[in-house]
Structures are given as structure tokens and as C-alpha cells.
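Spelled out from the first residue to the last, the chains are:
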Number of protein chains: 4
Amino acid sequence: MTPDRIGADAAVKALAGWSKGQGERDEITRTFRFDDFKQAFAFMTAVAMKAEQMDHHPEWFNVYNRVDVVLTTHDADGVTTLDLELAGFMDTLARKLG
Amino acid sequence: MTPDRIGADAAVKALAGWSKGQGERDEITRTFRFDDFKQAFAFMTAVAMKAEQMDHHPEWFNVYNRVDVVLTTHDADGVTTLDLELAGFMDTLARKLG
Amino acid sequence: MTPDRIGADAAVKALAGWSKGQGERDEITRTFRFDDFKQAFAFMTAVAMKAEQMDHHPEWFNVYNRVDVVLTTHDADGVTTLDLELAGFMDTLARKLG
Amino acid sequence: MTPDRIGADAAVKALAGWSKGQGERDEITRTFRFDDFKQAFAFMTAVAMKAEQMDHHPEWFNVYNRVDVVLTTHDADGVTTLDLELAGFMDTLARKLG
């Protein structure tokens, strides 16, 4: 079942701290910063488990305490409710660790 | 260099939430509980990185959202400043995730 | 949906390296050893992702390069096909890392 | 203590599978591919522990089963023996998981 496509503009309004991606794809992006590498990677580990559970995976870049995330849904050719859910999970966890 | 042995009694007084272990060894123990398995395992991942950095490792048991930890320093045959440091790291992180 | 209960005896025959647990429950157990703590914890991380995906979690104990696992299915009051699947995942990964 | 700068050209010759980075910095890069996301992230976890132990961290990008790594040593303004060591650790582990 393909999830509902909502598009980057609507997703960015529904979330806080996310922006439209700069690529040609319909995608959203956010940079997270943590106290150190340990906390950044603990964040990534919990997100990795959520992603595997959802079978929906981020594109992400990490260096030290920074994690840059890009979310989109390939099957829907744009941002969907899956991306909203994964973004919300990240936001809640980052607030705790922040 | 062997770290200073302080013993379980002194360690338990210096920390909050830790008890003397029930084994024959001089050791301290604490049970951590989290919202779910993801947060328990994210906690374990950050602690694993700290442990590897210190070259000082916990004995720990996990089931779902619970993590039971036992700390002691084999080389010193009892609880040392290394255990205090690792316990303090766990306590700080668990408070954030709690 | 409750998975099929197969029992520890049948599970131990179907697997290699697993034993019946020593507790009162119907359960299976295996000890894994790795080169070092990093590989033990990398193993645990992949298993944690599989467990979360299956919504079926191990009871496990770790110290340094050793991981002791106990598997059973609480809802079925014994060993089921879920435990077989998780055990098989662990065995395949441990062979790679071994 | 600043580690010895060896430069990307020499590093690429000493390693197998690594290339000079395309950025302006003196850096080396390699793309790793695994069977699936679980194995990619287990790889990242072991590498994260090694990185924290060395206090020397990669820049890396992940999507699903792919991990793109860039290594350089900021303090030395180029590739050093630290990068060789971390690259070698990654190569050994990736061979096991591959």
C-alpha cells in the first residue's frame, strides 16, 4: 500500500524545524545537533530501529555531533505520511537528548 | 595503572539509585527502565561507546525496556573510580531519556 | 495472532548450538562469543533491529565479548516459530562475525 | 600530539578500495555496500565505537544498505595515520559482513 503523498510544503508546515530539501526531489530536511558523538549516535540507533520497524529509511549524514537528515518516499515520488511519522519520532527523541 | 578501589559501600553512598550487588564480589548494581525497547537500546549504545572509550565494560542484562547493570573492576577486585565514572555517565543519560 | 508453539525440544533439534533453558519456562538458550566488545555489540545492534521489526525481543546478558541469549514467547507460554526465526537470524550473523 | 600527515595519495596506495576525495581537502573516501540496512547499521555501530575510542570520527552518509565514508584529520589538515587505522578497521569489518 502506497502511503498518502502530502508534499514537502504541507509537511514543513505540520512539523517544526524542518525545511524543504534543496534537491530536485520533493523532500524535507533537518539538521540535528547533540552534545557529543555518543548522543548523536544513540539518536541514530533509536531512529534506525524505528526505520527498520517502519521499513522506511532516512538518508542521513553524520559528522561528530551533527546529523543531517533528508526524508522522502521513493514509491510515492515525494513526501508522505511515512516521512511525517519518522520526522516526528526524530523530533521527540532529539528534544529528550537535547 | 590500576584505578583506586573505593568499595561498593562508598560507591553506593556517592551515587543515587545504586545498590550493593548480591554476589560475592564487591560490586554495585542498578536497574534502569525506559519507555520502550528503542530507548533502552539507544541508552545501551551510548554506554557501549563510553565503555569502549574507557576500556571498562559493564555486565548487563536487557529485556525489552529494562536494563540491569552490574559494575565492578576485575583488576582491582572491587568497585573503583572507573565504576563511579561509568555509573555517573549512565545516570545522566537515563535522566535525559526518562 | 499467537504464533505456533513448537516447544524447546523441537526447537533445539531444528537449530544448531542452542540448548533448553534451565529455568522453569519452556525456553531456549545460546552463548555467543566474539573477537571483542565492538563485534559483540555490533551483533546486538543488528539483532535489536530485527527484534523491533518482529516485535519479539530476546532476554540477553552481555559482558565484554560474550552474549548469553534466552528466547521464549510469553504470549504462547513457550518456544514458538518467532523464537526459531530470531535464533536463525542470530546464528547467521554470528557466523559472519565469528 | 598531532598524528603524522601522510596525504591522500599515499593512503590510497596503502589501502584497497579507497579513493582520493573530490573535495578541496586532502581526504580519502570509500563506499561500502551491505546486504541490508541492519548490516549497514551494525557496521556503523562497531565503527562508531572504534571512532570514539580513537577520538577520531568519520564523515559518513548512509541510505539503506550503503555507507559513504570520508576520512581526514582536521588538526593535521589532511590524511594521517589515524585515517589509515580507521579505514583498516572498516575494511576488515566490511569483509566479514560482506
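Residues numbered from 1 in each chain as written. Chains lettered and ligands numbered in written order. Predicted model: local features only at pLDDT ≥ 70, side-chain atom pairs only at ≥ 80, totals over all residues. Heavy atoms only, no water.

**Q** Would you mind showing me how to read the interface of chain A and chain D here?
**A** A common way to state how big an interface is: give the accessible area lost once the parts meet. Between chain A and chain D, the contact holds 16 residues from the first and 16 residues from the second. Approximately 1,500 Å² of surface area, both sides summed, lies buried where chain A meets chain D, with 70% of it carried by carbon and sulfur atoms. Looking at the side of chain A facing chain D, the largest losses of area belong to F37(A), F41(A) and W60(A), adding up to 34% of the total buried there. Our enumeration of links across chain A and chain D arrives at two salt bridges. With a shortest N-O distance of 2.7 Å, E52(D) and K38(A) are connected by a salt bridge. The tally of links from chain A across to chain D stands at four residue pairs in polar contact (both at pLDDT 80 or more). Of all the elements in the fold, those that place two or more residues in the side of chain A that touches chain D are α2 (37-54) and β3 (59-63) of chain A. (Contact = heavy atoms within 4.5 Å. Buried area = accessible area lost by both parts, 1.4 Å probe. Salt bridge = Lys/Arg side-chain N within 4 Å of Asp/Glu carboxyl O. Polar contact = N/O pair within 3.5 Å; in protein donor to acceptor, adjacent residues only side chain to side chain. Helix = DSSP H or I, 4+ residues; strand = E, 2+ residues; numbered from the N terminus.)

**Q** Explanation requested: helix α3 (residues 81-97) of chain C in the structure shown.
**A** Owing to its 3.6 residues per turn, the α-helix aligns residues three or four sequence positions apart on the same side. End to end, α3(C) covers 25 Å across 17 residues, agreeing with the expected 24 Å (1.5 Å per residue, within 8%). Taken together, the buried residues of α3(C) touch β2 (28-33), α2 (37-54) and β4 (66-71) of chain C together with α2 (37-54) and α3 (81-97) of chain D. A distance of 3.2 Å separates the backbone nitrogen of L82(C) from a side-chain oxygen at the start of α3(C), and that oxygen is part of T80(C). (Expected span 1.5 Å × (residues − 1).)

**Q** Sorry if this is basic, but what is going on with the side chain of T72(D) here?
**A** Residues and elements named next belong to chain D. For T72, the position within the fold is in the loop between β4 (66-71) and α3. Residue T72 is classed as buried on the basis of its relative accessible area, which comes to 8%. Not counting chain neighbours up to four residues away, the residues in contact with T72 comprise R25, D26, E27, H56, G78, V79 and D83. (Buried < 20%, exposed > 50% of the residue type's maximum accessible area, 1.4 Å probe, protein only.)

**Q** What am I meant to see in the pattern of salt bridges here?
**A** Oppositely charged side chains may form a pair once their charged atoms are brought near each other. Summed over all chains, the structure comprises 36 salt bridges over all chains. Note that R66(B) and D68(B) form a salt bridge whose closest N and O atoms lie 2.8 Å from each other. E27(D) is paired through a salt bridge with R25(D); the nearest N and O atoms lie 2.6 Å apart. In this structure E27(D) comes out as buried when scored by relative accessible area, which is 7%.

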